[in-house]
Amino acid sequence: MKFLIFLGSVRTSTPPRPARLGERVAQSCLNILSNIYPEHSFEVIDPLDYAQGPIFKPHFAYAKSKVPQDLDALADKIQQADGYVMVSPEYNHSMSPALANLLNHFGSSLFSFKPSAIVTYSAGQWGGMRAAVGMRTFLGELGCLPVSAMIHVPKAQEVLDESGAILKDSEASDWQDYFARTFHQLIWWAEASTKQRHRSDPFQKSAAFQAAPAERNAPH
């Protein structure tokens, strides 16, 4: 199976230090997932690698011949993926605007009927847990329902180095077990949903919204 790890940060400046703390968290997710589940593929999606333009215009709002190449390539990756890991800092008790902005470029049909895992972090003591509460609703609307277990990393700069490795050997096993609990749920649900999607096309009875509100089948 294929999984995407979305890094929810575009900030490259300081303060606060270190810049791009989320890179460490995303890389740690990649390291642990690849180590536990070598039979599957995992890729970090960094929003800085995708030109989104100065004015918000989602992928589905373009004529097919005019879709920016970056957005088209990412849309294909999202559609082909079997599950997602969403890595976010906390801004005013909410998820990262950078992550919301990137995900909002794509229709929910690309994410639907697949699981996701929530991973939050902070430079302070709370680990982004308040952002995680709102992320459940957001991801539910995207159609990639989050698994029940979540990962929160407080003072992430003291837990992980720049490569995503755990800084204190004495705590490595505990952190790996903590991450693994959530990732086990993600893989379990991804296996189940992938098998079911192959058995029965979910969009036959729940068609994707493409052009008009009438496609929602709401009563008049």
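In this text, all values refer to a predicted model and were calculated from it rather than measured experimentally.

Our focus in this paragraph is the side chain of Arg24. For Arg24, the location among the structural elements is in helix H1 (residues 21-36). Although buried, Arg24 forms no salt bridge, and the nearest oppositely charged side chain, Glu162, lies 4.2 Å from it. Among the polar contacts made by the side chain of Arg24, one reaches the main-chain carbonyl oxygen of Leu160 at a distance of 2.8 Å. Look past the residues within four positions of Arg24 in its chain and what remains in contact with it is Pro18, Gln157, Leu160, Asp161, Glu162 and Gly164.

The strand order S2-S1-S3-S6-S7 describes an open sheet built from five strands, whose pairing is parallel. Looking at strand neighbours, the two that pair on one side only are strand S2 (41-45) and strand S7 (151-153), the edges of this open sheet. This sheet shows a mean twist of 15° between the axes of neighbouring strands, independent of strand direction. Together, strand S1 (2-7), S2, strand S3 (83-88) and strand S6 (116-121) form the strand contacts of H1, whose direction differs from that of S1 by roughly 165°. On top of the sheet, helix H4 (residues 129-142) reaches S3, S6 and S7; it is set at about 155° to S6, its chief contact.

Glancing now at the pairing of S2. For S1 and S2, the ladder comprises five bridges, and the chain directions are parallel. Looking across to S2, one finds that Ile5 is bridged to Val44. Of the crossover connections in this fold, the one passing from S1 over H1 to the parallel S2 is right-handed.

Another point: the environment of His152. Relative to the elements of secondary structure, His152 occurs in strand S7. We classify His152 as buried; its relative accessible area is 16%. Between the C-alpha atom of His152 and that of Tyr121, which follows or precedes it by 31 residues, the distance is 5.5 Å. Once you skip the residues sitting within four places of it in the chain, His152 turns out to touch Thr120, Gly127, Met129, Ala132, Trp175 and Tyr178. One polar contact links His152 to Thr120, side chain to side chain, over a distance of 2.8 Å.

Let us now look at the packing of aromatic side chains. This model, assessed by the stated rule, comprises nine aromatic pairs. Judged by centre distance (5.2 Å) and plane angle (55°), the rings of Tyr84 and Phe111 are tilted. Placement of the pair is Tyr84 in strand S3 and Phe111 in the loop between helix H3 (97-103) and S6, with a sequence separation of 27 residues. The same class applies to Tyr84 and to Phe111, which are both buried. Aromatic rings pair up to connect Trp175, Tyr178, Phe179 and Phe183 into one cluster. Over the ring of Tyr62 we find Lys57, and its NZ or CZ is 4.4 Å from the ring centre.

Of all hydrophobic cores here, the largest spans 31 residues; its most connected members are Ile5, Val85, Val87 and Phe183. Residue assignment for this core shows that the elements contributing at least two residues are S1, H1, S3, S6, S7, helix H5 (156-159) and helix H6 (169-199). Grouped together as the second largest cluster of nonpolar side chains are 27 residues, Ile45, Leu74, Phe138 and Cys144 included.

What follows is about the side chain of Glu90. Its place among the elements puts Glu90 in strand S4 (residues 90-91). In terms of polar contacts, Glu90 uses its side chain to reach the side chain of Arg130, at 2.8 Å. Other than its neighbours up to four places away in sequence, Glu90 contacts Tyr121, Gly128, Met129, Arg130 and Ala131.

What follows covers the pattern of salt bridges. Under the criterion given, the structure shown has five salt bridges. The salt bridge involving Glu23 is made with Arg20; its shortest N-O contact spans 3.4 Å.

About the thresholds
Residues numbered from 1 in each chain as written. Predicted model: local features only at pLDDT ≥ 70, side-chain atom pairs only at ≥ 80, totals over all residues. Heavy atoms only, no water. Helix = DSSP H or I, 4+ residues; strand = E, 2+ residues; numbered from the N terminus. Buried < 20%, exposed > 50% of the residue type's maximum accessible area, 1.4 Å probe, protein only. Lys, Arg positive; Asp, Glu negative; His and termini not counted. Salt bridge = Lys/Arg side-chain N within 4 Å of Asp/Glu carboxyl O. Polar contact = N/O pair within 3.5 Å; in protein donor to acceptor, adjacent residues only side chain to side chain. Contact = heavy atoms within 4.5 Å. Pairing = 2+ DSSP bridges. Axes fitted to C-alpha atoms, helices over the stretch in contact; angles between N-to-C directions. Right-handed = clockwise from strand over helix to strand, strands pointing away. Phe/Tyr/Trp six-rings, centres within 6.5 Å; stacked < 30°, edge-to-face > 60°. Lys NZ or Arg CZ within 6 Å of the ring centre and 35° of its normal. Core = buried A, V, L, I, M, F, W, Y, C linked by side-chain atoms within 4.5 Å.

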